[in-house]
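Here's the letter readout for the chains.
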Amino acid sequence: MDHNKLALPVGTTLDRFIMRKQEDFPYATGELSQLLRDIALAAKIVNREINRSGLIDIAGAYGSQNVQGEDQQKLDVIANIRFIRALRNGGEVCTIISEEDDEMIQTGNNQGKYVVAIDPLDGSSNIDVNVSIGTIFSIYRRVSPTGREGTAADCLQPGTHQVAAGYVIYGSSTMMVYTTGNGVNGFTYEHSLGEFFLSHPDIQTPQTGNIYSINEGSSDSFAPGVAAFVQHCKNQNFSARYIGSLVADFHRNLLKGGIYIYPATAKAPNGKLRLMYECNPLAFIVEQAGGKSSNGLQRTMEIEPKLPHERCPVFIGSKDLVEQAEALIAKANQPKAEEAKEKMVKEIPVKVAVAK
Ligand SMILES: O=P(O)(O)OC[C@H]1O[C@](O)(COP(=O)(O)O)[C@@H](O)[C@@H]1O
């Protein structure tokens, strides 16, 4: 046990950590730091609501559907309101993309330099059954000049342009894990003091692992490469672990080593997870921790987004495992590529040279 680390947490609150990190950037204005604090504050409020949801009738369905056609839970709506309010009141954010809102949300802070994409409460199917759930956020600097509303171009930037990303897991303990591109750090919430304390400094995910997380209920419609990788995991006696809350499955695999996969399936032809506020932020985290994320063919963070709520397949976690999955997908796609080439060759009109 590294007592120094333990000793540090009492002294190293999230606020102090953010301040210290800001000193690394001489020209920093403090707006990103304040934005991270605003998110942490909203997370504390949402954490309180989640903890007492069974007592104050905020469990269960809200009675409407979000743009994804999913039934909104009351806590989905409450979390959405809490985070949007915190981001709006902070003043640093001009525009928000939220899983719970069809359109981009203009905050009225036209001087705000930042855009946030957020999944206020991830793992909706687990809210009422006391299984870990989470919040996922991604922060970009706007590309349009300040002084007016944020634009689609400000919101639809590739993951490589993120300036910060993170998640909060509401589980056996509540943690906030985030990166600003200089490593990944985790903070555990101390309820009695109302503070997040550094508990997991400089998280590094193992290069490989023996945990695979995928909903095998859809295995009938897995593409051959995905099916081959799942079989490979079984042949290796890997442990299957699937909570059904992305943040919880991702967090476990980040710390222990493993891979989370949500592939294209018959039910979800482009995968289920959303690029802007689920895949990109976790891809930034996992890459900063030494892991990898792709859609099976392309690095997640290099995908050019076209729509705020677009979905994409995701293979994320320990580097070796993601690369093994990509290799099996490429191998499975090989025949098709060959066939395509042969077909192309066949279609090239052959000019027969007529001897004069
Ligand atoms: O039930 P399925 O199809 O396996 O999907 C589970 C996945 O969907 C999600 O619940 C999607 O997130 P939301 O709950 O935010 O819509 C993930 O947390 C989880 O990994």
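These notes cover the structure that comes with them. (Residues numbered from 1 in each chain as written. Predicted model: local features only at pLDDT ≥ 70, side-chain atom pairs only at ≥ 80, totals over all residues. Heavy atoms only, no water.)

Comments concerning the packing of aromatic side chains
Under the criterion given, the structure shown has five aromatic pairs. Seen in terms of ring centroids, Y167 and F250 are 5.7 Å apart; in terms of plane orientation they differ by 90°. Their pairing is edge-to-face. Remark: F250 occurs in helix α7 (residues 246-256) and Y167 occurs in strand β7 (residues 162-170); sequence separation between them is 83 residues. Both residues of the pair, Y167 and F250, count as buried. With a centroid separation of 6.2 Å and 20° between ring planes, the pair formed by Y242 and Y260 is classed as stacked. Of this pair, Y242 sits in the loop between β12 (239-240) and α7 while Y260 sits in strand β13 (residues 259-262), and the two are 18 residues apart along the sequence. Classification of Y242 as partly exposed rests on a relative accessible area of 31%. Taken together through their ring pairs, the aromatic side chains of F17, Y178 and F187 make up a single cluster. (Phe/Tyr/Trp six-rings, centres within 6.5 Å; stacked < 30°, edge-to-face > 60°. Helix = DSSP H or I, 4+ residues; strand = E, 2+ residues; numbered from the N terminus. Buried < 20%, exposed > 50% of the residue type's maximum accessible area, 1.4 Å probe, protein only.)

Topic: helix α4 (residues 74-90)
For α4, built from 17 residues, the straight-helix expectation of 24 Å at 1.5 Å per residue is met to within 8% by its first-to-last C-alpha distance of 24 Å. Looking at α4, one finds that the buried residues are L75, D76, V77, A79, N80, F83, I84, A86 and L87. Just past α4, the residue G91 takes up positive phi, approximately 95°. (Expected span 1.5 Å × (residues − 1).)

Digging into the pairing of strand β3 (residues 93-98)
For a regular strand, side chains alternate in direction, first toward one face of the sheet and then toward the other. Within β3, six of the six residues are buried, which leaves the element mostly enclosed by the surrounding structure. Here β3 pairs with strand β4 (residues 105-106) via two bridges, running antiparallel. Bridging from a neighbouring strand, T95 pairs with Q106 of β4. Linking two consecutive strands that pair antiparallel, namely β3 and β4, is a turn of six residues. (Pairing = 2+ DSSP bridges.)

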